[in-house]
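Spelled out, the chains give:
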Amino acid sequence: MKRRQADLPRRRALTAVIAALAAPATAATVIVGTAAGPAAAGSAVTVSVNAGTSVAVAPSTGIGINGSVYDAALTDAAVPGLLSGAGVGLVRFPGGTESDEYNWKTNTDVVSGKAQAVDFDQYASLLASSGAQGMVTVNYGTGDTAGASQSPSETGAQLAADWVKYANVTHNYGIKYWEIGNEIYGNGTYGADWEPDNHCAGGSSPTNCGPSVYAANVKAYITAMKAVDPTISVGVVLTAPGNWPDGVTSGGSPQSWNQTVMTALAGQIGFADVHWYPQNPGNETDSALLGDTSQIPSMVSTLKSELSQYAGQSNVPIDITETNSVSSNPGKQSTSLVNALYLEQDYLGWLGSGVSSVDWWQIHNGIVTGGNNGSSLYGSTNYGDYGVLSNGGCATGGSPCEPAADTPFPAYYGLKLLGQFLHPGDTLVSASSSQSLVQAYAVKAANGSLRVMLVNDDPTNSYTVNLGYSGFSPAAGAPSVSTLAEPGSAITSGTAGSAASQTVTPYSVTVVTLQPGSASSSPSASPTSASPSASASASASASASPSASPSHSASPSSSPSASASPSASVTPPSSGCTLTWSVLSAWSGGYQLNFTVTNNGSKATSGWKAGWTWPGSQTVTQIWNANETQSGATVTATNLSYNGSIPADGSTTFGMLGGGTAPTSLSGITCSAS
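Residues numbered from 1 in each chain as written. Predicted model: local features only at pLDDT ≥ 70, side-chain atom pairs only at ≥ 80, totals over all residues. Heavy atoms only, no water.

Mind showing me how you'd approach the nonpolar core here?
Nonpolar side chains in soluble globular proteins tend to end up buried together. The biggest cluster of nonpolar side chains holds 112 residues, and the ones touching the most others in it are Trp-178 and Tyr-214. Sort the elements by how many residues they give to this core and helix α10 (residues 337–352) lands first, with 10 residues. (Core = buried A, V, L, I, M, F, W, Y, C linked by side-chain atoms within 4.5 Å. Buried < 20%, exposed > 50% of the residue type's maximum accessible area, 1.4 Å probe, protein only. Helix = DSSP H or I, 4+ residues; strand = E, 2+ residues; numbered from the N terminus.)

Explain the sheet that holds strand β3 (residues 90–93) here, please?
The pairing of strands in a sheet happens through backbone hydrogen bonds and is either parallel or antiparallel. With respect to topology, 8 strands assemble into a closed barrel ordered β2-β3-β6-β7-β8-β9-β10-β11, the strand pairing being parallel. Neighbour-to-neighbour, the strand axes of the sheet open up by a mean angle of 25°, direction not taken into account. (Pairing = 2+ DSSP bridges. Axes fitted to C-alpha atoms, helices over the stretch in contact; angles between N-to-C directions.)

What is the right way to read the state of the cysteines from this model?
One way to say it: the disulfide is the covalent bond shared by the sulfur atoms of two cysteines. Taken as a whole and assessed by the stated rule, the structure comprises 3 disulfides. Here Cys-394 connects covalently by a disulfide to Cys-401, the sulfurs 1.8 Å from one another. Taking the torsion about the sulfur-sulfur bond, which here is approximately 105°, the covalent link between Cys-394 and Cys-401 counts as right-handed. In this structure Cys-394 comes out as partly exposed when scored by relative accessible area, which is 38%. Each disulfide in the protein chain links cysteines that, numbered along the sequence, combine into the pattern 1-2, 3-4, 5-6. (Disulfide = S-S within 2.5 Å.)

How should the pattern of salt bridges be read in this particular structure?
Two side chains carrying opposite charge are able to pair once their charged atoms lie near each other. According to the stated counting rule, one finds 5 salt bridges in the structure shown. With its nearest N and O atoms 2.4 Å apart, the salt bridge here joins Arg-92 to Glu-179. One end of the pair, Arg-92, is in strand β3; the other, Glu-179, is in strand β7 (residues 177–180), and 87 residues separate them in sequence. Judged by its relative accessible area of 0%, Glu-179 is buried. The closest approach of N and O atoms between Glu-154 and Lys-105, which form a salt bridge, is 3.3 Å. Of this pair, Glu-154 sits in the loop between α4 (143–148) and α5 (156–170) while Lys-105 sits in the loop between β4 (102–103) and β5 (108–109), and the two are 49 residues apart along the sequence. Residue classification places Lys-105 among the partly exposed positions, given a relative accessible area of 36%. Each member of the salt-bridge network shares a partner with another, and the members are Arg-92, Glu-179 and Glu-322. (Salt bridge = Lys/Arg side-chain N within 4 Å of Asp/Glu carboxyl O.)

Scope: geometric values only; no functional claims are made or implied.
Below, the structure is given as structure tokens:
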């Protein structure tokens, strides 16, 4: 079944449902997890955090989301701030199946001819305003058809290359991540047919458009696109292990999709493009959804093993470019607090297993009234919506209606709390819980602080959580605590409990921020700075090739043409804070800088502001851990909500990617703290 633009609320295809009908009895299906029964109210839980055991390092692209060309609310003035406020580092475009129907040059749907609400330049403006990196899905399914409409006529591969040129050469948008098509395995090869693919003959299970045909065409796309910009990373469509159509074969696919595509494209895969929706519509349960994330480590392990075996690329980055709770027709679970709890565990399960980006489906979607709104599911709405933000629409007939456009659903607050918990360059460290309904995660920040997230999947019971630490000694006093709880419409912050004991309420997420005490040790593999390069570098280079890196670096995938030695400039101590900077890497047309703000005062700051003047025509193309404005050659950087407080003699870091030639000096450096 195709997902048409007219079916905006049903943008997710009936992937798993169709699979269950069309696939052989031996086909792999989604494994439903189960959670343990609730313990007695108020019972104690032991959480152990080992800050000396590194699990993964957070990439700058880790927290991603989808934005779509048909989403008229995507250009709302509130959207960039809402995205940056949630720590979103990547926005995928143009959105789902529409990617295989989209003519970017005319901003129209190839099949219907309908004009789209958001064009590519508006999307690029959203990236610049929100500080996010871009990921573009080029048209594989109807790309040749769209190319043939050009004058002179061209192939779909050349049309995609034109897009890369327009984005990165003509306009210097710096879009690094590009992928070829969306869910192409849904083109009828395995019986289920929702994804448009003009390479296919008609009829059920055609033999001329399976994974080998896809791989052969992808080679042409990669060649054409990288001829324009060799620094881009190009992703290919793969399937999540254990999820349809993994392991399925047909006349057009005598070997599995993953095996065929990986083998044919060995050495050429920039990143693995994988989607995951653990539930099927009508079969949702809250406990199963929250337990499903236990499948994630084995899926990642299998993918890495397959990439090593078939592609000879064991370190190919893996991107989960679409994920949400249910494969289609979302019901009230999607707009409830349960989906926010699932979101935390979904993102952190993948990122903790070493993937490079997790991209939620999506920013806005639209009201759905035909989903599962049964009484067995938690939640109070009588509709569903995949979006983290309302689009303000109403159902046919005028009722029910969503709240005003851009009103956050609970999933947005889950995303925002995740952004407060996990920053680019943070090190995820080992954490374990004695209660399966209380999930524990921990990160060691670049400034030495430790954050612990506690997710209570129990709808009934509160727990007293006793926390123990190895490799970290927390400071005395009540720590800062942020909580998302019923009804999921706000995050509350304050101080509560102690470093050793916290209370978590039913269906809630709690983030505890701990400052180091007198004796603490760093994780065994902690990053050297808050730069996202620390997450991707397997050597001293901050711009390793994706094929040699387990996660995306913020810098281009090719080796830098020049690597500048760190050069620091500081402001006088009397200014309240000191700004130090260094060049981490440089390449033709770009560079990466790291900045450190050090508090010179005798008490903690509540905020800081730093500035400098470029020596030439340099620009900021992406920044993390700071807000930025540029007027002429003068740049101003200010703290975000989570890093304005710097203890006496402490420091915090922020990083950026720039366009132009790497500077050898900065003038007019200022730093002030309040």
